[in-house]
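The primary structure of each chain is shown beneath.
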Amino acid sequence: MTADYKRNASSNPIENFITSIKKQGPNILPPLIAIISCLLLWQLLTISPDSTLPGPIRVFQESWDKIFYPFAYPDREGTAKGLFWQISASLQRVAIGYTLAGIVGVAVGILVGVNNLLFRAFDPIFQLLRTIPPLAWLPIALAAIQKSEPSAIYVIFITAVWPILMNTIVGVQQIPQDYKNVARVLRLSQQKYFVKVVLPAAVPYIFTGLRIGIGLAWLAIVAAEMITGGVGIGYFMFDAYNVGRTSDIIVALVWVGLVGLILDRIMAIVADKLIPGEKK
């Protein structure tokens with residue numbers, strides 16, 4: 001009888017939904033209350049007619065089309081496209097620049113990390129270059145390449161490559177001496193040494209760099225697109241500022257934040273899947 005009762009109860013979708021809500025309540029309620037509190041505070045701070053910034057109610061009223069129709073006008077040019085297509089254009093640039101940064105950062109990081117002479121030669125240069133702000137590279141890229149699209153991708157590359165490169169070097173240099181001694185005793189070939197020893201030992205550091213790099217790349221593309229123009233969430237925000245549509249800028253900011261959070265979560269999930277538990 002008890003088993004039949006439990007089986008009937010678990011097959012009731014409404015009861016299952018209520019049970020799930022009760023279980024997830026402690027995790028859902030605190031952030032929900034925090035979000036509502038922030039919206040109320042925002043509304044109160046901007047309730048004055050003299051306020052230059054719109055409150056959440058005014059943002060909803062003025063930019064409801066941007067909120068509910070993000071897939072609108074995929075075939076139009078520039079900022080006429082829906083926000084989804086602006087984000088999509090920015091993500092394509094980030095994907096190209098970030099992929100190149102990952103390949104170059106990991107490859108050069110391993111090469112410099114295993115060779116002390118190369119490390120002593122290039123580390124001062126890396127330390128100097130990595131402190132240069134991402135947008136400072138944009139005028140150089142525009143002058144050298146003469147085109148806005150590859151210049152924006154270059155800014156993504158140069159922004160993301162340093163954390164990937166530096167973390168890979170540190171990861172390779174942190175390989176325990178015992179591992180190196182075992183590799184010498186077993187007389188592993190250079191290829192097996194990289195595959196069996198270097199890469200597994202450096203993977204946690206590499207993923208730390210990749211995770212930092214994707215966040216910086218997403219931050220840089222928004223700033224770069226404000227200058228290079230064309231299609232993209234950065235140029236959309238700059239164009240909205242020029243025509244005085246502050247509500248559209250706020251909606252775009254929410255999109256930027258959500259996409260940045262999703263990118264970070266994806267990298268964290270991939271790292272959890274690939275990095276052995278004892279090395280995290």
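Because the structure is a prediction, the values reported are computed rather than measured. (Residues numbered from 1 in each chain as written. Predicted model: local features only at pLDDT ≥ 70, side-chain atom pairs only at ≥ 80, totals over all residues. Heavy atoms only, no water.)

S.K.: Quick question: what am I supposed to make of the nonpolar core here?
M.R.: General note: in soluble globular proteins, nonpolar side chains tend to be found buried as a group. Counting residues in each nonpolar core, the largest one holds 56 residues, and the members touching the most others are Val94, Tyr98, Trp218, Ile233 and Met237. Mapped onto this core, the elements with two or more residues apiece are α5 (83-114), α8 (148-173), α10 (190-228), α11 (233-242) and α12 (246-274). Looking at this core, the element that brings in the most residues is α10, giving 15 residues. Leave out the neighbours within four places in its chain, and isoleucine 233 touches Leu83, Gln86, Ile87, Ser90, Trp218, Val222, Glu225, Ala252 and Val256. (Core = buried A, V, L, I, M, F, W, Y, C linked by side-chain atoms within 4.5 Å. Buried < 20%, exposed > 50% of the residue type's maximum accessible area, 1.4 Å probe, protein only. Helix = DSSP H or I, 4+ residues; strand = E, 2+ residues; numbered from the N terminus. Contact = heavy atoms within 4.5 Å.)

S.K.: Explain the pattern of salt bridges here, please?
M.R.: Side-chain pairing between opposite charges can occur once the charged atoms of the two side chains come close. According to the stated counting rule, one finds eight salt bridges in the structure shown. Across the salt bridge formed by aspartate 65 and lysine 66, the nearest N and O atoms sit 3.4 Å from each other. Here aspartate 264 ties to arginine 265 by a salt bridge, and the two come within 3.3 Å at their closest N and O atoms. Using a relative accessible area of 23% as the deciding quantity, one classes aspartate 264 as partly exposed. Three or more residues joined by partner-sharing salt bridges are found here, namely Asp65, Lys66, Arg245 and Asp248. (Salt bridge = Lys/Arg side-chain N within 4 Å of Asp/Glu carboxyl O.)

S.K.: What am I meant to see in helix α6 (residues 116-129) here?
M.R.: At 3.6 residues per turn, the α-helix brings residues three or four places apart onto the same side. In this model, α6 (14 residues) spans 20 Å end to end at C-alpha, consistent with the 20 Å of a helix rising 1.5 Å per residue. Of all the bends in α6, the greatest, near 40 degrees, is centred on phenylalanine 122, and the proline proline 124 appears no more than four residues after it. At the N-terminal boundary of α6, the capping side chain belongs to asparagine 115, with an oxygen 3.0 Å from the backbone nitrogen of leucine 117. (Expected span 1.5 Å × (residues − 1). Bend = angle between axes of the 7 residues up to and from the residue. Polar contact = N/O pair within 3.5 Å; in protein donor to acceptor, adjacent residues only side chain to side chain.)

S.K.: Whenever I open this one, the environment of glutamine 127 confuses me. Can you help?
M.R.: Its location among the elements puts glutamine 127 in helix α6. The exposure class assigned to glutamine 127 is partly exposed, which follows from its relative accessible area of 29%. Along the backbone, glutamine 127 and methionine 166 are 39 residues apart, and their C-alpha atoms lie at a distance of 9.0 Å.

S.K.: So what exactly am I meant to see when it comes to α11 here?
M.R.: When we look at burial in α11, the residues that qualify are Ile233, Gly234, Phe236, Met237 and Ala240. End-on, the buried residues of α11 take up no more than an arc of 165 degrees, which puts them together on one face. Contacts made by the buried residues of α11 are with α4 (64-68), α5, α10 and α12. Phi for glycine 244, located one or two positions after α11, is positive at around 75 degrees. (Arc of directions from axis to C-beta.)

S.K.: Would you take a moment to explain the environment of valine 161 for this structure?
M.R.: Note on placement: valine 161 falls in helix α8. Between the C-alpha atom of valine 161 and that of valine 185, which follows or precedes it by 24 residues, the distance is 35 Å.

S.K.: Help me out: how do you make sense of the layout of surface pockets in this one?
M.R.: Unfilled space is identified by rolling a water-sized probe across the atoms. Within this model, the largest pocket holds a volume of roughly 280 Å³. Forming the walls of the largest pocket are Leu39, Trp42, Pro56, Val59, Phe60, Ile67, Ile250, Val251, Val254 and Trp255. Listed by contribution, the elements that provide at least two residues to the lining of the largest pocket are α2 (13-45), α3 (56-62) and α12. The element contributing the most residues to the lining of the largest pocket is α12, with four residues. Of the residues in the lining of the largest pocket, the class split is 10 nonpolar, no polar and no charged. (1 Å grid on protein atoms, 1.4 Å probe; cavity = no way out; pocket = protein on both sides within 12 Å on 5 of 7 lines; lining within 4 Å. Points joined across faces, edges and corners; volume = space filled by probe spheres on them. Nonpolar A, V, L, I, M, F, W, Y, C, P; charged D, E, K, R; others polar.)

S.K.: Hey, could you run me through the packing of α5 against α12 in this one?
M.R.: Each packed pair of helices is defined by two parameters, the angle between the axes and the distance between the axes. One can describe the packing of α5 onto α12 by two numbers: an axis separation of 11 Å at closest approach and a directional angle of 40 degrees. By the criterion of interaxial angle, the relationship of α5 to α12 is oblique. In the crossing of α5 with α12, the sense of the turn from one axis to the other is right-handed. Facing α5, whose interface residues are Leu83, Phe84, Ile87, Leu91 and Tyr98, α12 presents Val251, Ala252, Trp255, Val259, Leu263 and Met267. When its residues are assigned to classes, the contact of α5 with α12 shows 11 nonpolar, no polar and no charged. (Axes fitted to C-alpha atoms, helices over the stretch in contact; angles between N-to-C directions. Parallel < 35°, antiparallel > 145°, perpendicular 65-115°, else oblique. Left-handed = near helix turned anticlockwise from the far one by under 90°.)

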